[in-house]
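Okay, here's what each chain looks like letter by letter:
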Amino acid sequence: MPAVTVPDVAVLPRVAEPGATAPDRPVRSVTTAPSGYEGEGFPVRRAFQGVDLRDLDPFLHMDQMGEVEYAPGEPRGTSWHPHRGFETVTYMIDGTFEHQDSHGGGGTITNGDTQWMTAGRGLLHIERPPEHLVVSGGLFHGLQLWVNLPKTDKWLEPKYQDLRGGSSALLTTPDGGALIRVIAGELAGHAGPGSTFTPMTMMHASVSPGARLRLPWRRDFNALVYVLSGAGFVGAERRPIRTGQLAVLGPGDAITVAAAAAQESRLSGLDVVLLGGRPIREPIAWAGPFVMNTKAEVLQAFEDYQKGKLGVVPAT
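Residues numbered from 1 in each chain as written. Predicted model: local features only at pLDDT ≥ 70, side-chain atom pairs only at ≥ 80, totals over all residues. Heavy atoms only, no water.

K.L.:
Would you mind going over the overall build of the chain with me for this structure?
P.N.:
A tally of regular secondary structure across the chain gives three helices and 26 strands. Relative to the 2.2 N^0.38 estimate, which gives 20 Å for 316 residues, the radius of gyration of the chain is 19 Å and therefore close to what a compact globule would have. Once the C-alpha set of the chain is aligned to its principal axes, its extents read approximately 60 × 45 × 35 Å. Residue burial in the chain is summarised as follows: out of 316 residues, 56% are buried. Across the chain, contacts joining residues at least 24 apart in sequence account for 73% of those joining residues at least 6 apart. Working note: accessible area of the chain is about 12800 Å², and carbon and sulfur atoms make up 53% of it. (Helix = DSSP H or I, 4+ residues; strand = E, 2+ residues; numbered from the N terminus. Rg over C-alpha atoms; globule rule 2.2 N^0.38 Å. Buried < 20%, exposed > 50% of the residue type's maximum accessible area, 1.4 Å probe, protein only. Contact = heavy atoms within 4.5 Å. Areas by Shrake-Rupley, 256 points an atom, 1.4 Å probe, with all protein chains shown as cover.)

Spelled out as structure tokens, the structure:
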């Protein structure tokens, strides 16, 4: 799991731990993501399955794509499909993925890069491995997150952000036991490159065996911890958590995550995605690729898609 690494974390800015009197966010629930398939048949873990949308707000959906070692000819992507009313965030940890959309956005992401697509009023897009990866096969591991848009932003012009892994803010803890990559939002004054309509934070942290990560967290944000790989503990109560599990945290001013001292031999520690955002608290009407505020708006989205109003597949 390379993502973005550094030879020596000691050179990175250190995030001071919150004071001892800062209340830790308690663990409200831990759920295990079921496995399934997406698009043309690539394996995913449904990270948010079974969690109340009110606890996830402003987030909607998250898939951990892979981790899978494809044989030649096996890599899969998605076909052209529409979206309206939210944002898709694709974070590539291992492997390579290509994006193209009907609004002119597109690019290729690889280890540690992120594609941030604001669907807004609507567009068509496709995500797939490049042809050379289909031919050769190889390791594929990533994450796709859906972020809701408030009513006032659902009709924005679509937007595409190509975020290079090297532009993420890289931080460590006082003892150097963790590498923190800030993709969006900010942590202790260090901002990630992602531009968001909904106030939020997205980070990927690698925690060494036996090390602890205790971070300040905005009180007006929710807090989610998802384990990409490894075993550890979350919260001051040290609730056990492992690969493919999501912890929903309650109110407070700090998040605590610790890596178990003993990890699988193939792993270098605990890897987690930390998410937080200001809840939108608006009605959600959701059907397939459309997330709006009312059923009528969803039906209108389907009608607009059928009439070609969300765009056309670009000629190749």
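K.L.:
Can you walk me through the sheet that holds strand 8 (residues 106-109) in this structure?
P.N.:
Backbone-to-backbone hydrogen bonds join strands into a sheet, with any given pair of strands oriented parallel or antiparallel. Across the sheet, four strands lie side by side as 5-10-7-8; this open sheet has antiparallel pairing. In this open sheet, the two edge strands, each paired with only one partner strand, are strand 5 (81-83) and strand 8. In this sheet, neighbouring strand axes are inclined to one another by 25° on average, regardless of whether the strands run parallel or antiparallel. Here strand 7 (residues 97-101) pairs with strand 8 via four bridges, running antiparallel. Across the sheet, residue Gln100 finds its bridge partner in strand 8, namely Gly106. (Pairing = 2+ DSSP bridges. Axes fitted to C-alpha atoms, helices over the stretch in contact; angles between N-to-C directions.)

K.L.:
Got a minute to help me understand a nonpolar patch on the surface in this structure?
P.N.:
On the surface, Leu53, Ile284 and Trp286 cluster together to form a nonpolar patch covering roughly 230 Å² of accessible area. Residue position: Ile284 is located in the loop between strand 24 (270-277) and strand 25 (285-287). (Patch = residues over 30% accessible without salt bridge, like charges linked within 9 Å, V, L, I, M, F, W, Y side chains within 5 Å. Salt bridge = Lys/Arg side-chain N within 4 Å of Asp/Glu carboxyl O.)

K.L.:
Whenever I open this one, the side chain of Asp304 confuses me. Can you help?
P.N.:
Its place among the elements puts Asp304 in helix 3 (residues 295-306). Asp304 gets classed as buried once you look at its relative accessible area, which sits at 7%. Once residues within four sequence positions are removed from consideration, Asp304 is found in contact with Arg84, Lys309 and Leu310.

K.L.:
What is the right way to look at the sheet that holds strand 23 (residues 254-259) in this model?
P.N.:
Reading across from one edge, 18-23-20-21 is the order of the four strands in this open sheet, with antiparallel pairing throughout. Where the open sheet ends on each side, the last strands, each with one partner, are strand 18 (212-216) and strand 21 (239-242). Here the strands of the sheet are splayed against their neighbours by 25° on average, with no regard to which way each runs. Pairing between strand 20 (residues 231-234) and strand 21: four bridges, direction antiparallel. Opposite Val234, over in strand 21, you have Arg239 as the bridge partner.

K.L.:
Honestly, the pairing of strand 10 (residues 123-128) in this entry has me stumped. Any pointers?
P.N.:
Residues in a regular strand project their side chains so that they alternate between the two faces of the sheet. Counting buried residues along strand 10, five of its six residues qualify, which places the element largely inside the surrounding structure. Two strands pair when backbone bridges link them, and strand 5 and strand 10 are joined in this way by three bridges, in the antiparallel orientation. Bridge pairing in strand 10 links His81 to His125. Here strand 7 runs beside strand 10; their pairing, made up of four bridges, is antiparallel. If you follow Glu98 over to strand 10, its bridge partner there is Arg128.

K.L.:
What is the right way to look at the layout of surface pockets in this model?
P.N.:
It is a probe the size of a water molecule, rolled over the atoms, that shows where empty space is left. In this structure, the second largest pocket spans a volume of roughly 280 Å³. Considering the residues around the second largest pocket, the lining is formed by 16 residues, among which Glu38, Thr78, His81, Gln144 and Trp146 are closest to the centre. Listed by contribution, the elements that provide at least two residues to the lining of the second largest pocket are strand 4 (59-70), strand 5 and strand 11 (138-148). Among the elements that make up the lining of the second largest pocket, the one with the highest residue count is strand 4 (three residues). (1 Å grid on protein atoms, 1.4 Å probe; cavity = no way out; pocket = protein on both sides within 12 Å on 5 of 7 lines; lining within 4 Å. Points joined across faces, edges and corners; volume = space filled by probe spheres on them.)

K.L.:
It is not clear to me how the pairing of strand 22 (residues 245-249) should be interpreted in this structure. Could you clarify?
P.N.:
Counting buried residues along strand 22, five of its five residues qualify, which places the element largely inside the surrounding structure. Burial of the side chains of strand 22 extends over both faces: Gln245, Ala247 and Leu249 are buried on one face and Leu246 and Val248 on the other. Across five bridges, the pairing between strand 1 (residues 27-32) and strand 22 is antiparallel. Its bridge partner lying in strand 22, Ser29 is registered against Val248. Pairing between strand 19 (residues 223-229) and strand 22: four bridges, direction antiparallel.

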